[in-house]
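Coordinate inspection notes
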Amino acid sequence: MSEDKWDTMRALHAEGLGRNAIAREMGIAPAAISRTAARLGLTFDRSQIQAATAARLADLAERRSLLAEDLITDAEKLRAQIWQPHLYWDWGGKDHDYDDKLADEPTPGDKRALMGAAGMAIDRSLKLSPAEVSAGGEEEARSMLGNLFTGLAALANQDHEPPGEEAE
């Protein structure tokens, strides 16, 4: 930015405008505003940006949670269809007619497809909102495995003799 625009930038900065607002007002790239501000010793209050970013992240987390809940509901509906009556139909043939048949439940192939779709919905929901692990559960598992390995190592280090034979 040329020096003749510095006073305008200082004035806009003094009014409390942020970097992007100054850039829009002056018709200059935000990066040029940042470089010039650094040269002039001006700083921008980022607390509002940080608060807005935190609010946006919280909103996105809530939306992911709601979507994950919807996917679980979809999975439940798909799974229920596996055992419900299913209407099979077709349209066509040489007479171009419509035929349908109500079956007691879907065919094994259709059941597999429904279960796959339900599983995919559950999988996607877990990626959006992972299942919670109980507090201390991970530490308990590590402790249990540590104790198991310690016990196995102790057994491996003992001198074992075949049963029925005694040391002389």
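What counts and what doesn't
Residues numbered from 1 in each chain as written. Predicted model: local features only at pLDDT ≥ 70, side-chain atom pairs only at ≥ 80, totals over all residues. Heavy atoms only, no water. Pairing = 2+ DSSP bridges. Helix = DSSP H or I, 4+ residues; strand = E, 2+ residues; numbered from the N terminus. Buried < 20%, exposed > 50% of the residue type's maximum accessible area, 1.4 Å probe, protein only. Contact = heavy atoms within 4.5 Å. 1 Å grid on protein atoms, 1.4 Å probe; cavity = no way out; pocket = protein on both sides within 12 Å on 5 of 7 lines; lining within 4 Å. Points joined across faces, edges and corners; volume = space filled by probe spheres on them. Nonpolar A, V, L, I, M, F, W, Y, C, P; charged D, E, K, R; others polar. Core = buried A, V, L, I, M, F, W, Y, C linked by side-chain atoms within 4.5 Å. pLDDT = per-residue confidence, 0-100.

**A closer look at the pairing of strand S1 (residues 86–92)**
Across seven bridges, the pairing between S1 and strand S2 (residues 97–103) is antiparallel. Looking across to S2, one finds that tryptophan 89 is bridged to aspartate 100.

**Overview of the side chain of lysine 111**
Among the secondary structure elements, lysine 111 is positioned in helix H5 (residues 108–128). Taking relative accessible area as the criterion, lysine 111 reaches 17% and is therefore assigned buried. If near-sequence neighbours (up to four positions away) are discounted, lysine 111 is found in contact with Ile82, Trp83, Glu105 and Pro106.

**Observations regarding the layout of surface pockets**
Here the largest pocket defines a volume of roughly 330 Å³. If you go around the largest pocket, you meet 13 residues; those closest to its centre are Gly18, Arg19, Phe44, Asp45 and Ile49. Of all the secondary structure elements, the ones that give two or more residues to the lining of the largest pocket are helix H2 (19–26) and helix H4 (47–81). By residue number, the principal contributor to the lining of the largest pocket is H2, which donates three residues. Taken together, the residues of the lining of the largest pocket break down into four nonpolar, six polar and three charged.

**Details of the nonpolar core**
In terms of nonpolar packing, the biggest core is built from ten residues, these being Met9, Leu12, Ile22, Ala23, Met26, Ile28, Ala32, Ile33, Ala37 and Phe44. Those elements giving two or more residues to this core turn out to be helix H1 (6–14), H2 and helix H3 (30–40). Dropping the residues within four chain positions of it, methionine 26 is found in contact with Met1, Lys5, Thr8, Met9, Leu12 and Ile33.

**Notes on the confidence of the model for the chain**
When the pLDDT values of the chain are averaged, the result is 87; 90% of them are 70 or greater. Per-element mean pLDDT across the chain ranges from 75 in helix H6 (residues 137–157) up to 94 in H5.

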